[in-house]
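So the chains spell out like this:
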Amino acid sequence: MGDDSEWLKLPVDQKCEHKLWKARLSGYEDALKIFQKIKDEKSPEWSKFLGLIKKFVTDSNAVVQLKGLEAALVYVENAHVAGKTTGEVVSGVVSKVFNQPKAKAKELGIEICLMYIEIEKGEAVQEELLKGLDNKNPKIIVACIETLRKALSEFGSKIILLKPIIKVLPKLFESREKAVRDEAKLIAVEIYRWIRDALRPPLQNINSVQLKELEEEWVKLPTGVPKPTRFLRSQQELEAKLEQQQSAGGDAEGGGDDGDEVPQIDAYELLEAVEVLSKLPKDFYDKIEAKKWQERKEALEAVEVLVKNPKLEAGDYADLVKALKKVVGKDTNVMLVALAAKCLTGLAVGLRKKFGQYAGHVVPTILEKFKEKKPQVVQALQEAIDAIFLTTTLQNISEDVLAVMDNKNPTIKQQTSLFIARSFRHCTASTLPKSLLKPFCAALLKHINDSAPEVRDAAFEALGTALKVVGEKAVNPFLADVDKLKLDKIKECSEKVELIHGKKTGLAAEKKEFKPVPGRAAASGAAGDKDTKDVSAPKPGPLKKAPTTKVGGPPKKGKPAAPGGIGSTGTKNKKGLETKEIVEPELSLEVCEEKASAVLPTTCIQLLDSSNWKERLACMEEFQKAVELMERAEMPCQSLVRMLAKKPGWKETNFQVMQMKLHIVALIAQKGNFSKTSAQIVLDGLVDKIGDVKCGNNAKEAMTAIAEACMLPWTAEQVMSLAFSQKNPKNQSETLNWLANAIKEFGFSGLNVKAFISNVKTALAATNPAVRTSAITLLGVMYLYVGPSLRMFFEDEKPALLSQIDAEFEKMQGQSPPAPTRGISKHTTSGTDEGEDGEEPDDGGNDVVDLLPRTEISDKITSELVSKIGDKNWKIRKEGLDEVAGIINEAKFIQPNIGELPTALKGRLNDSNKILVQQTLNILQQLAVAMGPNIKQHVKNLGIPVITVLGDSKNNVRAAALATVNAWAEQTGMKEWLEGEDLSEELKKENPFLRQELLGWLAEKLPTLRSTPTDLILCVPHLYSCLEDRNGDVRKKAQDALPFFMMHLGYEKMAKATGKLKPTSKDQVLAMLEKAKANMPAKPAPPAKAASKPMGGSAPAKFQPTSAPVEDSVSSTIETKPDPKKAKTQGVSSKAKSTQGKKIPSKTNLKEDEDKSGPIFIVVPNGKEQRMKDEKGLKVLKWNFSTPRDEYIEQLKTQMSSCVAKWLQDEMFHSDFQHHNKALAVMVDHLESEKEGVIGCLDLILKWLTLRFFDTNTSVLMKALEYLKLLFTLLSEEEYHLTESEASSFIPYLIVKVGEPKDVIRRDVRAILNRMCLVYPASKMFLFIMEGTKSKNSKQRAECLEELGCLVESYGMNVCQPTPGKALKEIAIHIGDRDNAVRNAALNTIVTVYNVHGDQVFKLIGNLSEKDMSMLEERIKRSAKRPSSAPMKQVEEKPQRTQSINSNANMLRKGPAEDMSSKLNQTRSMSGHPEAAQMVRREFQLDLDEIENDNGTVRCEMPELVQHKLDDIFEPVLIPEPKIRAVSPHFDDMHSNTASTINFIISQVASGDISTSIQALTQIDEVLRQEDKAEAMSGHIDQFLIATFMQLRLIYNTHMADEKLEKDEIIKLYSCIIGNMISLFQIESLAREASTGVLKDLMHGLITLMLDSRIEDLEEGQQVIRSVNLLVVKVLEKSDQTNILSALLVLLQDSLLATASSPKFSELVMKCLWRMVRLLPDTINSINLDRILLDIHIFMKVFPKEKLKQCKSEFPIRTLKTLLHTLCKLKGPKILDHLTMIDNKNESELEAHLCRMMKHSMDQTGNKSDKETEKGASRIDEKSSKAKVNDFLAEIFKKIGSKENTKEGLAELYEYKKKYSDADIEPFLKNSSQFFQSYVERGLRVIEMEREGKGRIPSSTGISPQMEGTCVPTPPSTVSSIGNANGEEVGPSVYLERLKILRQRCGLDNTKQDDRPPLTSLLSKPAIPPVASSTDMLHSKLSQLRESREQHQHSALDSNQTHCAGTLTSSSSTNIDDLKKRLERIKSSRK
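Residues numbered from 1 in each chain as written. Predicted model: local features only at pLDDT ≥ 70, side-chain atom pairs only at ≥ 80, totals over all residues. Heavy atoms only, no water.

**Section: the nonpolar core**
Part 1 of the argument: Counting residues in each nonpolar core, the largest one holds 98 residues, and the members touching the most others are Phe1625 and Ile1736.
Part 2 of the argument: Residues within four places of Phe1625 in sequence aside, it is in contact with Leu1585, Ala1631, Leu1639, Leu1642, Leu1671, Lys1674, Val1675, Lys1678 and Ser1679.
Part 3 of the argument: In terms of nonpolar packing, the next biggest core, distinct from the first, is built from 93 residues, Leu608, Met635, Val753 and Phe893 among them. (Core = buried A, V, L, I, M, F, W, Y, C linked by side-chain atoms within 4.5 Å. Buried < 20%, exposed > 50% of the residue type's maximum accessible area, 1.4 Å probe, protein only. Contact = heavy atoms within 4.5 Å.)

This is the structure we're talking about:
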């Protein structure tokens, strides 16, 4: 009881944590009571329990936990701070409550989750619940789903995000647990209730039975709109309101509210975007151009599969679209056309709006392809064009569509009209404005008179649809002249049309409705039609047409058509059809006379051609009277004018008669229904008389009347062409004057400017001044209507004329065009026209622009020009841009088709040369003016990139970009810019310049708009982040823009969008929104007819001082005035706040001083890996910049916050440099003590240091470099290797510093670079330094080149990346540099390479200019004169380097840097004093700097120093002349580029980083797959296989166990490895190179993989195992049969010995052996039986028969017996001759076994006696005595000559010679080459040495495979490694032999060199058992390396770096003197 009383006294919070359950129970009960009592949700009591709530729910005692849950629920419901506990508590509920058996606990858990959602923590709860779905316990999964379902049911789909739930649904349906599947079904039903059919696409792939069940459930659901039953705290008022409404009985408003919400969910949004571009077949672009159609088809099918994904990720699809377009347009195979069209459909459906930018390119091609008749092609094209329409707007593609409407092919016309009809259905009255409708109607009206019935029907359908969409009022003006019959037909069609926008569905619904259609419409013909009717809209026509003429497709969206000019339709003799015209056929003269005589007096007709003028005059008077009295309907206009034109007609000589005649024409035109046909009869005569002094006015009057009857545009064109087709200048000038006047009277609309301008130009060039003057007057009038753009057409006129034109224009400036007085209200229109003109005053302007003649420039945009613009050389790029500017200037106005130009210009917008960026921007401004409104279609692909340029750091570039954007917006309006996600994506970029410019621009443009696209809401979240941006200007601009966003979106939407902000941000933003609400301007009213003019003068003046742009509505002037002031005050207050904010932290810092004691770097497990993942996944910015922008610094700060002490971080990011110095000092102090922390944060430390490199303060820079030196020393001691991301985010910035003007800094940087090679591979460093040589800073270039020289000297040519050739070419470029230091550095570097690599350098460098070459040769000569040590070094280093190459491959675990580290410093110092370095080994080098600077610490006995006699060092060393280079190509192969590259790639195969490994494997695979290249792998096979099975081991032991790793990655890696191996083992020559040890390890790895159960559990695991099976078979069949058989025997032996090994493993090894046994009959001759029998012998020794019989399985003994039996069967008694390698055969169980077998077989055949078991050698003896000796020897030499059996042959020859010492083998050798003879002799000698000397070294190892290669008459390669490739040890004698040969071949004498130390030292390794596995080789090499490294590391580090950095001088003599002096100094200082 004592215990009890103790805990009873404790306070409640301590009870809750007590270890006794009773205490906790009591604590929870008390807590519950407390919680229920607290009334104030913000009471401080709540905070006491903040940390305990998780314990409440996760209590280990079930009873106590229940009470805890109750208390927690009350807490969450009432506490203000509860939200902070969301994550931990919900995860606790998921893991510890949902698995409880008690239902009550689960209910409480669910209730707690729902309560958290209610207090606005829905996202966090949902995140935890979704994590719970990955739990292994099905109970937890079920509970999580149930909670999500309840949450959705209660709160609705606005609060619970459906996308992440839908994403995991299919996985839940596949669960093994029925409970999970059932619960998944319930939640699917619940989701369906909220979003209906949008759920179908994501669930399409689930089990069909489940889908069927779901469908049944879905059908049962009520159809009403679901409503949430529970609300968030912030919505509770709404709940109350709803209840009131319900009680009042009307929930209309609520219904309305929620009604909006349902269609917001679009199935498309719920889908994951799939990235397909990278998955295109590599050869796609070649195949698609292939000549064989099958290949093209394959390519298209591959694309079709990819684009079937319903949602595609955005990307650059331009090339793909171009390729598909080409197939559609040009391919002759219609099947492929249909396939390409399907691909386009898929792209358009998957990309939606993102496809819009390509629409313009594709539409014309598809429309023109409708000439194809085949139904399936037509249908595919229909689907494609409809899908494409949905991605763009009718406006954007209208021009293309209208152009195709004039095509002669009826099918094209028909399909285009149908397409327009389908497109109209998707339009609304607002998206189909009059300006767009007009050109379409004009084109369609032509079609309704077409001769082909299907064309007419299609046109009717299109017009009917238009009528339905915009209503009769809008369409009727265009249908004025259509006869009643046709009009009825149009109306009939209109009634049948069902519009897609019938109901007010949003855009999403429209898309949703459309989406399933392409698939459904696959049924062709009328069936397709019926199908689509229920989906969207029935087609009016199909019932009247045969199904084939019209293939039913989905409701297609028409393409936008740009308004085109109509003016030029009617030319002479053409009965054109015009909007308000009378159509009249041309009548014959007889008919005319007949009609005229009916209405005119007879005398009148008779006297028309009287010879007496008076009679003619009288006749005219009668004629006039008759006309005046006639009714309009009765007047036969054509007949009357024909009568007037009758002889003498217009040749009338009497002016009075003529005047009357002309007056009558005017009367007829005014009073009758005057047609163009009639007009054409008289116009010629009128023009002829217009210049007449007496009749001219009458002629003009008649023309004006005709213009009124037949429309001015047509009349004017006719008149102008007639006037300029004759030579009378008076007529011409008067015609021009008439036209000028007519334009003023009629207005300008509809006039064809193109036609006039050419005529005006002719007139301006006329010799007659009157004609010129009239032309200029006409231009003046046109200027009133067209504006300044008119002048562009006349810029190339003579200056004098141009000045006259300018003067005329100046007169007109400021005048407004007069209102038209004629041509408006004519009998045909009942006043609608007036409305038309008044309604859209700006249309006039647009029309004019559309009428300008536009030039087609696409043919001038050639591919040469495009490639020029993209050239590497900026000058050529500039030339290209100049050409473009020239083309646009010359063309003035251009057509929208500009070919490849947009992509080319887009590339230049991010040119590194800012001048070119500006030039591009200027061209884009030009382009906007030249293309006019049609530039709209380029907004997405060119306009948005211009906005990106607004983020440029240069002021002038930003200004140019802004001007360009404005020029474009002027032409396009704002809609195109605001549509889609592009603008919001730009605003999302955290670039302060971009943000402030863009927000400023939007603030200027938004207030002028009457409406905006809905996509504007997408910008709002980014606008909010701008309100809190670190940059004050951005915040200011965001605040200014806020009211204008609100003006379009409304306060509610804006406030709702704050929901996703952090609570603190939310409050601030809401406050700003409140302010903005007060300042919100009203939307501009539609411009009133009169208002615009009176306001013109005064309003702008008022507006200018304010920030609000000019608006049309008067009210807004008052409203916007206070705006800027408020904005300012807002800005001020925010500044004030921020300054206060800054002061506070500085105070708190003082208090926190005492907290600086702890560690400064906190180790976060996996922190660095996570950061790298984030960077790879682009979740954070990649550390890559030219100067660090704020967002980078901010990001680094955030990342550091978790792992760097707070106080240190404050110092590190302080604005004062002294704080940085302090921080560095602290970091130096803690470096040794916090190694782990430093390494854990290394990436962040290095990034921070790169920021310091950009500081201007030298002291910080010096301190930073000091720290770096210490840091890299530490890292190399810790054997740490830099990761790729650490290197790439640090090295480039360090290299920039190598170009510093201060020597001391450069020296430090070089020293750091030296040390870095110890922790990062030199070959990769090389690439970074190579980049540094491209700098503009000459010092940097020079230093980098010197550094490259050091690297090559230290590491040989292998270090040159990507290949020595490329690297040297790059270096050689600098020989021609302007700067002397750079030239010298480049020359020195190449001389260094020459010293290492010899004359081959010249080949690698390629062509140099003469001057450069002579400099180089001179320098090489000079370097040769010095007592250089290079030759000696080469000879000495060769063996080392050969070793290092192989060790490099075998040292994969350590990383490639390690094997080089010891040599690095050695060579660095050589670059200072090459000679000294040669003789003094690095262990004994002096660290002179150290000794000089620090007298105290170096303990050193001086007398020893004195004894160094330095002069001896430099005495010339006798070295054989190196003829190697010239003579032997083989020796050089070892260092050839391919070999080093392959070594490098192979080294990456075993990388711990999966992606690196995959990349390396892919490269090797490419080599292996190409027959010509595969040979390059020869000699690298073992190395490659070792790397591969090490990777297999790594996967098996590490990756598979790593839960964080995606298993897909591992599968991918496995498939790469297996694929590679299969490729390798298909190439027999390479497969045979694999040695026994390596094969053994490989088989071990593969079998282990086959047995790995973890793989089987993976999705694609079975596939992997199948592939491994296939691979194993390949290995068995293709490897060297001896090696693989031997490997399997050893493996079997090992597996039987190993206790840990599974019986299955041994079984699989045996299966492999059985397979080998099956192959034996074919392979027996290629097998070295001696070796196999030796292996069997060893096996039987380890496993005697008794032991084998004890095995659980009988398989091993049976396997062995089978093998031996097969061998006996195949070889017969000869088998006993092959026991040569077994030492004491008598003891061998094997021999006895074989004898028994032989005896058994002999007994059966009764053939041989038992005694033939004597020694194998005697066998040869007997046989050879029987056979002919010559045959036998011939056989042996044949074996020696064959590559496979050469060893066996030599062994047999040796045995033979031993037996018959007197045998003469001379005749056989005589005919062969000298080389072959020496090879045989040497081979025999080696066998002799081994048999006599070594005892048990197997004979087959006498000569390594490489050596055989060299010596057998066809030598493929050279010595490659120490030790033979089989991993077996070889005696030194072999190498001495080899060396001799090599020396002979290279012309060196062999006398003194036999005992060279490098060889013997290299060969003094302990012997390894016969079949050493490759790993043994590896370990031995690693251990040697470690030892040497540990010895060297300590002494040589600093000395060498300082030498390299400080004393890189060229003259050796100064070095010696310098050295002596320094030694003297040291001695004297020590005395």
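Now that the structure is up, let's keep going.
**A word on unusual backbone geometry**
Part 1 of the argument: With an omega of -5°, the peptide bond running from Gln1361 to Pro1362 counts as cis.
Part 2 of the argument: Its place among the elements puts Pro1362 in the loop between α72 (1338-1355) and α73 (1364-1373).
Part 3 of the argument: Of note, the phi angle at Arg352 is positive, near 55°, even though the residue is not glycine.
Part 4 of the argument: With respect to the helices and strands, the residue Arg352 is situated in the loop between α19 (334-351) and α20 (356-369).
Part 5 of the argument: Look at Asn1166: it is not a glycine, yet its phi comes out positive at around 60°.
Part 6 of the argument: Within the secondary structure, Asn1166 is located in the loop between α60 (1122-1151) and α61 (1167-1176).
Part 7 of the argument: Residue classification places Asn1166 among the partly exposed residues on the basis of a relative accessible area of 37%. (Helix = DSSP H or I, 4+ residues; strand = E, 2+ residues; numbered from the N terminus.)

**Observations regarding helix α36 (residues 676-690)**
Part 1 of the argument: Helix length check: α36, at 15 residues, gives a terminal C-alpha distance of 19 Å against a target of 21 Å (1.5 Å per residue), a fit within 8%.
Part 2 of the argument: Within α36, the axis deviates most sharply at Val682, by approximately 40°.
Part 3 of the argument: Burial runs high along α36: twelve of the 15 residues are buried.
Part 4 of the argument: Along α36, the residues that are buried comprise Lys676, Thr677, Ser678, Ala679, Ile681, Val682, Leu683, Gly685, Leu686, Val687, Lys689 and Ile690.
Part 5 of the argument: Its buried side turned inward, α36 meets α34 (637-645), α35 (655-671), α37 (696-710), α38 (712-725) and α39 (729-746). (Expected span 1.5 Å × (residues − 1). Bend = angle between axes of the 7 residues up to and from the residue.)

**Side note on the environment of Lys150**
Part 1 of the argument: By the secondary structure assignment, Lys150 is in helix α9 (residues 138-155).
Part 2 of the argument: On the basis of relative accessible area, Lys150 is assigned to the partly exposed category, the value being 30%.
Part 3 of the argument: Residues Lys150 and Glu111 lie 39 residues apart in sequence; the distance between their C-alpha atoms is 9.7 Å.
Part 4 of the argument: The contacts of Lys150, once residues within four sequence positions are left out, are Ile110 and Leu114.

**Looking at the packing of α34 against α35**
Part 1 of the argument: Put simply, α34 and α35 touch, their axes get as near as 11 Å, and they point 170° apart. Classified by the angle between their axes, α34 and α35 sit roughly antiparallel to one another. Between α34 and α35, the contacting residues are Cys637, Leu640, Val641 and Leu644 on the first element and Lys661, Ile664, Val665 and Ile668 on the second.
Part 2 of the argument: Class assignment for the residues of the contact of α34 with α35 results in seven nonpolar, no polar and one charged. (Axes fitted to C-alpha atoms, helices over the stretch in contact; angles between N-to-C directions. Parallel < 35°, antiparallel > 145°, perpendicular 65-115°, else oblique. Nonpolar A, V, L, I, M, F, W, Y, C, P; charged D, E, K, R; others polar.)

**Concerning helix α71 (residues 1322-1332)**
Part 1 of the argument: With respect to burial, α71 is a largely interior element, nine of its eleven residues being buried.
Part 2 of the argument: Along α71, the residues classified as buried are Ala1322, Ser1323, Lys1324, Met1325, Phe1326, Phe1328, Ile1329, Met1330 and Gly1332.

**Quick word on the pattern of salt bridges**
Oppositely charged side chains can pair when the atoms bearing their charge come close.
Part 1 of the argument: A complete count under the given rule lists 72 salt bridges for this structure.
Part 2 of the argument: Among the ionic pairs, Glu111 bridges to Arg230, the shortest N-O distance being 3.5 Å. Of this pair, Glu111 sits in helix α8 (residues 103-132) while Arg230 is found in the loop between α12 (208-220) and α13 (236-248), placing the two residues 119 residues apart along the sequence.
Part 3 of the argument: Exposure remark for Glu111: the relative accessible area of 31% places this residue in the partly exposed category.
Part 4 of the argument: Residue classification places Arg230 among the buried residues on the basis of a relative accessible area of 14%.
Part 5 of the argument: A single network of salt bridges, built from pairs that share partners, joins Asp1303, Arg1306, Arg1310, Glu1343, Glu1346 and Glu1347. (Salt bridge = Lys/Arg side-chain N within 4 Å of Asp/Glu carboxyl O.)

These figures capture arrangement, not role.
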